[in-house]
Amino acid sequence: MLEDKYGRRFHYLRLSITDVCNFSCDYCLPDGYQCDNDRDFLKVSEIKTLVSGFAKLGTGKVRITGGEPALRKDLCDILRVCTSTPGINHVAMTTNGFKLESDIQDWVDAGLNSLNISIDSLDPRMFASITGHNKLESILRGINKALALGIPVKVNAVLMKQYNEKELDAFLTWLKSTPITLRLIELMQTGDNIDFFNQNHVSGSAIKEKLQNSGWSQLIRDKSSGPAQEFYHPDFEGRMGLIMPYSKDFCASCNRLRISSLGKLHLCLFADQGLDIRPTLQNENDQALQQQLQALLGDKEATHWLQDGLTGATKHLAMIGG
Ligand code: SAM
Ligand code: SF4
């Protein structure tokens, strides 16, 4: 089992398979993906060693993320490698949804268990203004398709003062009859978005209060479920989640480790550096990998320092997948 000196257990791996993205979300890649050099992303064989090593150390859940993971032509091979690894009982993916409608059946056939889809606005014009793409309708159809196939869906929405702060009611109306979980994420500062962050950060606590004053109850989740807070309401099909990285004790329930698409271990979303484990992956030696991971975990810190404006090496979340 991967356990750090603070007693936190890491049974959840977030694996970025590319840092390329076709969207240009204002808070993440406002100028679109900038290709500075050729990137040699992790190969399927390396991913196999990686996931197997993590699984032998107690990891049960893998999330595929990016950049935009659906841009990888071998995405289904990657999903199959993850779902066929002994010990892995849940494979999820976070996507901007641009291929959801066309590809969901293939992903499900490859063993995908659940999806997180990013939708920052239910207003098609606002959605296009944030992401640079007029894809909302297709993504909503894709969500219905995923639900019909029995795939649980969470929708991620980043809260932004100048964009969607007033859209809570529209999201709630959607949740009334749609069995998804909507996760409102507090905007996080990154190396590249400081001005945007200062203009747009909204605290989740006012939303939490509003939910609780209108009949939503917080679910009791065990410590191993991670830092999100979840709420339910008897009159709503959907649930609400809040991710408040600036709140006290957010990191106490950290249960995840991250691997970048170039094979670096990130002990925190805002770590000062990624730790290169790729040579071990290339040797296809999952025992050496297990020893290396346990040794590296010794350096994981108790918390991030985001509240002090310290964003580590993270220029934007497309680098490691959020
Ligand atoms: N491209 C995929 C997508 O957008 O779902 C996966 C990668 S994206 C980096 C993962 C999640 O991080 C998305 O839900 C996105 O909204 C969120 N995200 C990106 N930058 C963020 C920021 N600065 N603060 C909070 N969330 C952010
Ligand atoms: Fe791309 Fe996701 Fe970043 Fe938007 S949030 S630019 S979809 S990586």
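Residues numbered from 1 in each chain as written. Chains lettered and ligands numbered in written order. Predicted model: local features only at pLDDT ≥ 70, side-chain atom pairs only at ≥ 80, totals over all residues. Heavy atoms only, no water.

Details of the site of ligand 2
For clarity, the cut-off: If even one non-hydrogen atom of a residue comes within 4 Å of a molecule or strand, that residue is called near it. Residue classes follow a fixed rule: Ala, Val, Leu, Ile, Met, Phe, Trp, Tyr, Cys and Pro count as nonpolar, while Asp, Glu, Lys and Arg count as charged, and any other residue, Gly among them, counts as polar.
Near ligand 2 you find C21, F23, C25, C28, L29, G67, N96 and A318, and these make up its full shell. In terms of residue class, the shell around ligand 2 is made up of 6 nonpolar, 2 polar and no charged.

Let's talk about the pairing of strand β3 (residues 90-95)
Convention followed: Relative accessibility thresholds used throughout: buried, under 20% of the residue-type maximum; exposed, over 50%; partly exposed, between the two (1.4 Å probe, protein chains only). Helix and strand labels come from DSSP, where a helix needs a run of H or I of at least four residues and a strand needs a run of E of at least two; each type is numbered from the N terminus. Any two strands with at least two DSSP-identified bridges between them are counted as paired. For a crossover, the right-handed case is the one in which the path from the first strand over the helix to the second runs clockwise, viewed with the strands pointing away from the viewer.
Of all 6 residues that make up β3, 5 are buried, and the element is covered over most of its length. Taken together, the 4 bridges between strand β2 (residues 61-65) and β3 define a ladder with parallel strand orientation. Bridge assignment links I64 to a residue of β3, and that residue is M93. For the crossover from β2 across helix α2 (residues 75-83) to β3, the handedness is right-handed. Examined bridge by bridge, β3 and strand β4 (residues 114-118) share 4 bridges and lie parallel to one another.

Side note on the sheet that holds strand β7 (residues 217-218)
How we decide: By definition in these notes, contact holds between two residues if any of their heavy atoms fall within 4.5 Å. What counts as an axis is a line fitted to C-alpha atoms, over the stretch in contact for a helix, and the angles between N-to-C directions run from 0 to 180 degrees.
Spatially, β7-β8-β9-β6-β5-β4-β3-β2-β1-β10-β11-β12 is the arrangement adopted by the 12 strands of the open sheet, whose pairing is mixed. Across the chains shown, the open sheet's two edge strands, defined by having one partner strand only, are β7 and β12 (275-276). In the sheet, strand β10 (residues 256-259) pairs with strand β11 (residues 264-266) via 2 bridges, with the strands oriented antiparallel. Across the sheet, residue R258 finds its bridge partner in β11, namely H266. Strands β1 (12-16), β2, β10 and β11 of the sheet are contacted by helix α1 (residues 44-56), whose axis makes an angle of about 165 degrees with β1. The sheet strands contacting helix α5 (residues 136-148) are β4 and β5 (153-159), and the helix crosses β5 at an angle near 145 degrees.

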